[in-house]
Protein chains: 2
Amino acid sequence: MAEAADGGTHLSGSVLIIGTGLLGTSIGLGLRARGLDVVLSDLSPSTEAVARDIGAGRLLRSVEAAFAPSLVVVAAPPDVTASLAAAALKDWPDAVVVDIASVKSAVLTDLRSSGADLSRYVGTHPMAGREKSGPVAARAELFNGMPWVICAPEEATPNAVRRAEAMAYDLGAVVSRMSAEDHDASVALTSHLPQVMASLVASRLQETPSQSLALSGNGLRDVTRIAASDPNLWVQILSGNAGRLVPILHGVREDLNRLIRTLEDPVADGARLDMAQLIAEGNVGQARIPGKHGGPAQSFVSFTVLVDDTPGQIARLLTEIGEIGVNLEDLRLEHSSGRQVGRAEISVLPGRVNDLVSELSARGWKVVQ
Amino acid sequence: MAEAADGGTHLSGSVLIIGTGLLGTSIGLGLRARGLDVVLSDLSPSTEAVARDIGAGRLLRSVEAAFAPSLVVVAAPPDVTASLAAAALKDWPDAVVVDIASVKSAVLTDLRSSGADLSRYVGTHPMAGREKSGPVAARAELFNGMPWVICAPEEATPNAVRRAEAMAYDLGAVVSRMSAEDHDASVALTSHLPQVMASLVASRLQETPSQSLALSGNGLRDVTRIAASDPNLWVQILSGNAGRLVPILHGVREDLNRLIRTLEDPVADGARLDMAQLIAEGNVGQARIPGKHGGPAQSFVSFTVLVDDTPGQIARLLTEIGEIGVNLEDLRLEHSSGRQVGRAEISVLPGRVNDLVSELSARGWKVVQ
């Protein structure tokens, strides 16, 4: 591996990718873009052919006899990850083997039971792109700026860990380290619980008459956005992290039971206090979520500007915000049906919001709230 | 009332606003901007003074003896809305009285019990701005392009209904009609259920160690966004719509129980099928939510463009999208901590996405997924 100017290390040698779905193919494209030799393998000959055709690498079944990867990436579904990793550790005795499954302890436990040599194994989890699937949607830059968690088992050598980190670094990711247990506890709360709750809400809408959905607003859209997820993949993730998710869901169920009891008799003593407590506790919890920049929670405040619903006017708004010299944290657009006006929700640092609102108003923009 | 060019009617005469919080004061500002005479009244002398000071109207305690509003808007919390509306119907025998509470049947039921003359009463619900509160945050354009539901009881005269609709129309809202029962059933599902579920998730985070929150992503942020809500207001809303919300929560609880059972024994027969079914049902329900334009559900597809994290480059991206001639449905920004790259998620009509992606790529933009 080579040292990068900013202290990260770069990958060298050949990389074998087992599993050429969205993530595996994107890894191939990204590493090929860095000039590395990438070899691809997938259970499905047509899937690996597509990945090769779009430039993610060359096929394992066509490699020279002397082929010896320095890194093997198991990019298959969680259910089959451990067995593929164990096989790879055996088949490629000079390679570091990494996986990219969303759950880490289950894979590690299975690997330990298999008796494989874990000094060359490093569990990882790239937190990027799940809405689409398959090699055709793959992109070299999928991981740019996205978190990639390295969960090295105790058995792994420092060299193996460095090689895993170099891969993530070379793909443009923001690399962090965590134990498999801490990782699984964290994603149970920050990823798997929200997924479950989004699906619980969305499934209520299956047979709702359309007129009842007419008043749908951004609250419903936000809560159910991640309900558009792949059932097959999520069954594997939820099963794989069941041990950590179940206690969390027990707690949610208790809170839900308490809320239902108070709603069944909303005039009973203490009922209102109970309800208020749930909402207030939600305030506290929500405020603890880190800001998008990875900075402190709720670092930003937002206001809304009314715009003609054209990209031209929205672009002009952003240009003026840039001229005023304030950095944009977030921009969300909302359109109205029928009144020809759009709303741009702007989020900026609290210390700049008053200046920005005054300046935009002075320039003729209609600022709301 | 006067006819507008597009067939809506305009309000005339004086308007009395009872309750000068965010919504009442915004209504005052909006109607003053249309040249109407607005009179304000609030339980709190300082609150109504602030509303007057920012230009929302003149104070009731200073009006001439002959003052006679054509419209009274009760803009107070749900708990006190019915009694204020009943009093207003008595005090102002020539006025139409409207309210703006988030729950409609409870108010109507209480009004009927009070024996008030409901021929001049129209329940309404403007679906706008709740994050901030109080008169200082009020804006004349708060309702521009936002939905305003008119829930006229059977007793209301056509004239009364027209006057209520004229108010909403003059405030720039998109007016629709619905019975109080249908309204409450609809918001129970599309507003109150998501609020409850967001709070249930967010309250789990109260005592989570910070490192566990480090992997928080947009899934968690989306699901918990509306958890930052006012407990006092929401207790009134949930209590007021308890009858419709409880059956929905019973259904959610059943689904949650079933999920917990399968996660407690994920290898049992049928466990995986059960889990997959929940996610798949969530897919179906989520797809039924209307698109932001009020058009068919899921009318748009999205892709991500990598950008330098500056308003200048984002503005240039939007300008070029405008030049290419494609309308923007949504734009969401995401920043990365540490790698100096931002991601702009663009949503457009499915029929235009391929052209747009090719054109942007040809112009040098890095399109991901």
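Conventions used here
Counting of residues starts from 1 at the beginning of each chain's written sequence and follows it residue by residue. Going through the entries in the order they are written, you letter the chains from A and number the ligands from 1. With pLDDT at 70 or above as the cut-off, local features in this predicted model cover only qualifying residues; side-chain atom pairs require 80 or more to be listed or tallied, and sums for whole chains, interfaces and linings still use all residues. Hydrogen atoms and water are omitted, and side-chain values are computed over all heavy atoms in the structure. UniProt positions are given in the numbering used here, feature names are shortened, and annotations may be inferred rather than shown by experiment. Only runs of H or I of at least four residues qualify as helices and only runs of E of at least two qualify as strands under DSSP, and these elements are numbered from the N terminus. The cut-offs for exposure are 20% and 50% of the maximum accessible area for each residue type, with area from a 1.4 Å probe on protein chains only; residues under the lower value are buried, those over the upper are exposed, and the others partly exposed. We call two residues contacting when some pair of their heavy atoms lies within 4.5 Å. Computed with the Shrake-Rupley method and a 1.4 Å probe, the accessible areas treat only the protein chains shown as cover for residues. Under this rule, positive means Lys or Arg and negative means Asp or Glu; His and the chain ends count for nothing. Positions of charges follow a simple convention, taking NZ of Lys, CZ of Arg, CG of Asp or CD of Glu. If DSSP finds at least two bridges between two strands, the strands pair. To get an axis, a line is fitted to the C-alpha atoms, and for a helix only the part in contact is used. The angle between two axes follows their N-to-C directions and goes from 0 to 180 degrees. By definition here, a salt bridge exists when the distance from a side-chain nitrogen of Lys or Arg to a carboxyl oxygen of Asp or Glu is within 4 Å. With the strands pointing away from the viewer, any crossover whose connection runs clockwise from the first strand over the helix to the second is right-handed. Accessible area that two parts lose when put together, evaluated with a 1.4 Å probe and summed over both, is termed the buried area. Per the annotation, domain bounds derive from an automatic or database assignment of domains. Two rings from Phe, Tyr or Trp (for Trp, the six-membered ring) form a pair when their centres are within 6.5 Å of each other. A pair whose planes differ by under 30 degrees is stacked, one over 60 is edge-to-face, and the rest are tilted. Bending is quantified residue by residue as the angle between axes fitted to the seven-residue window ending at that residue and the seven-residue window starting at it. To superpose the copies, least squares is applied to the C-alpha atoms of every residue with a pLDDT of at least 70 in both. To form a nonpolar core, buried Ala, Val, Leu, Ile, Met, Phe, Trp, Tyr and Cys residues must be joined to one another through side-chain atoms within 4.5 Å. Should an angle fall under 35 degrees it is called roughly parallel, over 145 degrees roughly antiparallel, and 65 to 115 degrees roughly perpendicular, with every other angle called oblique. Put simply, a crossing is left-handed when the front helix is turned counterclockwise from the back one by less than a right angle, and right-handed when it is turned clockwise. Under the convention adopted here, Pro, Cys and the residues Ala, Val, Leu, Ile, Met, Phe, Trp and Tyr are nonpolar, Asp, Glu, Lys and Arg are charged, and Gly plus all remaining residues are polar. Summarising the geometry, the arc corresponds to the directions from the helix axis toward the C-beta atoms.

Under an unreviewed UniProt entry, the name given to chain A is Prephenate dehydrogenase, and the organism recorded is Arthrobacter zhangbolii. The heading Catalytic activity (unreviewed entry) in the UniProt record of chain A holds the text "prephenate + NAD(+) = 3-(4-hydroxyphenyl)pyruvate + CO2 + NADH". Under the UniProt heading Pathway (unreviewed entry), the entry covering chain A gives this text: "Amino-acid biosynthesis; L-tyrosine biosynthesis; (4-hydroxyphenyl)pyruvate from prephenate (NAD(+) route): step 1/1."

Caption draft 1: Summary view of the overall build of chain A. Regarding its fold elements, chain A presents 13 helices and 14 strands. When the backbone C-alpha atoms are referred to their principal axes, chain A occupies close to 70 × 55 × 40 Å. Burial status across chain A gives 57% buried among its 369 residues. When contacts within chain A are restricted to residue pairs at least 6 apart in sequence, long-range pairs at least 24 apart make up 68% of them. When the accessible area of chain A is evaluated, it comes to approximately 14200 Å², of which 50% is carbon and sulfur surface. Charged side chains in chain A number 32 positive and 42 negative. The centres of these two groups are separated by 3 Å.

Caption draft 2: Broad picture of the sheet that holds strand β6 (residues 71-74) of chain B. Residues and elements named next belong to chain B. As summarised here, the arrangement of the eight strands in space is β5-β4-β3-β6-β7-β8-β9-β10, forming an open sheet in which the pairing is mixed. Pairing within the sheet leaves two strands with one partner each, and these edge strands are β5 (58-59) and β10 (174-177). Alignment of strand β3 (residues 14-18) against β6, held across four bridges, turns out to be parallel. The residue of β6 that forms the bridge with V15 is L71. Along the sheet, helix α2 (residues 45-53) contacts β4 (37-41) and β5; its crossing angle with β4, the most-contacted strand, is approximately 160°.

Caption draft 3: Molecular detail of the pattern of salt bridges. Considering all chains together, one arrives at 42 salt bridges over all chains under this definition. A:D222 serves as the salt-bridge partner of A:R225, at 3.0 Å between the closest nitrogen and oxygen. Overall, A:D222 belongs to the buried group, its relative accessible area being 3%. Where B:R204 meets A:D255, a salt bridge forms, and the shortest distance between an N and an O atom there is 3.0 Å. Note that B:R204 is positioned in the loop between α6 (180-203) and α7 (210-213) and A:D255 in helix α10 (residues 242-264), a pairing that runs across two chains.

Caption draft 4: Structural view of the pairing of strand β9 (residues 147-151) of chain A. All names here are of chain A. Burial runs high along β9: four of the five residues are buried. Judged from the four bridges that link them, strand β8 (residues 121-126) and β9 form a sheet pairing that is antiparallel. Paired with H125 across the strands is V149, a residue of β9. Relative to strand β10 (residues 174-177), β9 runs parallel, the two being bridged by four bridges. Directly across from W148, in β10, lies its bridge partner V175. With helix α5 (residues 158-170) bridging β9 and the parallel β10, this β-α-β connection has right-handed handedness.

Caption draft 5: Highlighting the interface of chain B and chain A. Contact residues are listed per partner, giving 131 residues for chain B and 131 residues for chain A. When chain B packs against chain A, close to 12100 Å² is buried across both sides, 64% of that on carbon and sulfur atoms. Scanning the region where chain B abuts chain A turns up eight salt bridges. When the shortest N-O distance is used, the salt bridge between B:E141 and A:K366 registers 3.6 Å.

Caption draft 6: Spotlight on the domain arrangement of chain A. In terms of domain boundaries, chain A breaks down into domain 1 (15-178), domain 2 (180-209 + 216-264), domain 3 (265-292) and domain 4 (301-368). For domain 3 of chain A and domain 4 of chain A, the distance between their C-alpha centroids amounts to 31 Å.

Caption draft 7: View of the packing of aromatic side chains. Residues and elements named next belong to chain A. Per the stated rule, a full pass over the model turns up four aromatic pairs over all chains. Ring centres 5.6 Å apart and planes at 75° place the aromatic pair F67 and W92 in the edge-to-face group. Placement of the pair is F67 in the loop between β5 (58-59) and β6 (71-74) and W92 in the loop between α3 (78-91) and β7 (96-99), with a sequence separation of 25 residues. Of the two residues, F67 and W92, neither departs from the other in class, the shared state being buried.

Caption draft 8: Structural detail: helix α6 (residues 180-203) of chain A. Most pronounced at A:A188, the bend in α6(A) amounts to some 45°. Taken across its 24 residues, α6(A) has 21 buried, putting it largely inside the fold.

Caption draft 9: Structural context of the sheet that holds β6(A). All names here are of chain A. Pairing within the open sheet is mixed, and its eight strands lie in the order β5-β4-β3-β6-β7-β8-β9-β10. Only two strands of the sheet have a single neighbouring strand rather than two, namely β5 and β10. Running over the sheet, helix α1 (residues 22-33) touches β3 (14-18), β4 (37-41), β6 and β9 and is turned about 165° from β3.

Caption draft 10: Structural context of the relation of the copies chain B and chain A. When chain B is fitted onto chain A, the two copies agree to an RMSD of 0.1 Å after a turn of 180° and an axial shift of 0.0 Å. What we have between these two chains is a two-fold relation. Mapped onto chain A, 99% of the interface residues of chain B are again interface residues, and the two copies thus contact each other with one and the same surface.

Caption draft 11: Looking closely at the nonpolar core. A:L193, A:L249, A:L263, B:L193, B:L249 and B:L263 are the most contacted members of the largest nonpolar core, which has 68 residues in total. If near-sequence neighbours (up to four positions away) are discounted, B:L263 is found in contact with A:L238, A:S239, A:A242, A:L245, A:V246, A:L249 and B:M275. One finds A:L333, A:I346, B:L356 and B:V357 within the second-largest nonpolar core, a separate group that totals 44 residues.

Caption draft 12: Expanded view of the packing of helix α3 (residues 78-91) of chain B against helix α4 (residues 105-113) of chain B. Residue and element names in this part refer to chain B. At their nearest, the axes of α3 and α4 sit 9 Å apart, and the two run at 45° to each other. Of the possible angle classes, the one that applies to α3 and α4 is oblique. The handedness of the crossing between α3 and α4 is right-handed. Counted together, T81, A82, A85, A86 and L89 of α3 and V107, D110 and L111 of α4 form the full contact between these two elements. The class makeup of the residues in the contact of α3 with α4 is six nonpolar, one polar and one charged.

Caption draft 13: Layout of the packing of helix α10 (residues 242-264) of chain B against helix α11 (residues 271-287) of chain B. Residues and elements named next belong to chain B. Where α10 meets α11, the axes come as close as 9 Å, and the angle between the chain directions of the two elements is 140°. When the interaxial angle is binned, α10 and α11 end up oblique. When you trace α10 past α11, the crossing you get is left-handed. Residue-level contacts link R258, L259, T262 and L263 of α10 to A271, D274, M275 and L278 of α11. Its residues assigned to classes, the contact of α10 with α11 comprises five nonpolar, one polar and two charged.

Caption draft 14: Structural context of helix α4 (residues 105-113) of chain A. Residues and elements named next belong to chain A. Within the sequence span of α4, burial applies to S105, V107, L108 and L111. An end-on view of α4 places all buried positions within 160° of arc, on one side of the element. Buried-residue contacts for α4 involve α3, β7, β8, α6 and α10. Just beyond α4, the residue with positive phi is G115, at close to 75°.

Caption draft 15: Quick look at the environment of A:A242. In this structure, A:A242 sits in helix α10. C-alpha of A:A242 to C-alpha of A:M167: the two residues are 75 residues apart in sequence and 29 Å apart in space. Aside from chain neighbours lying at most four places away, what touches A:A242 is A:P247, B:L263 and B:P266.

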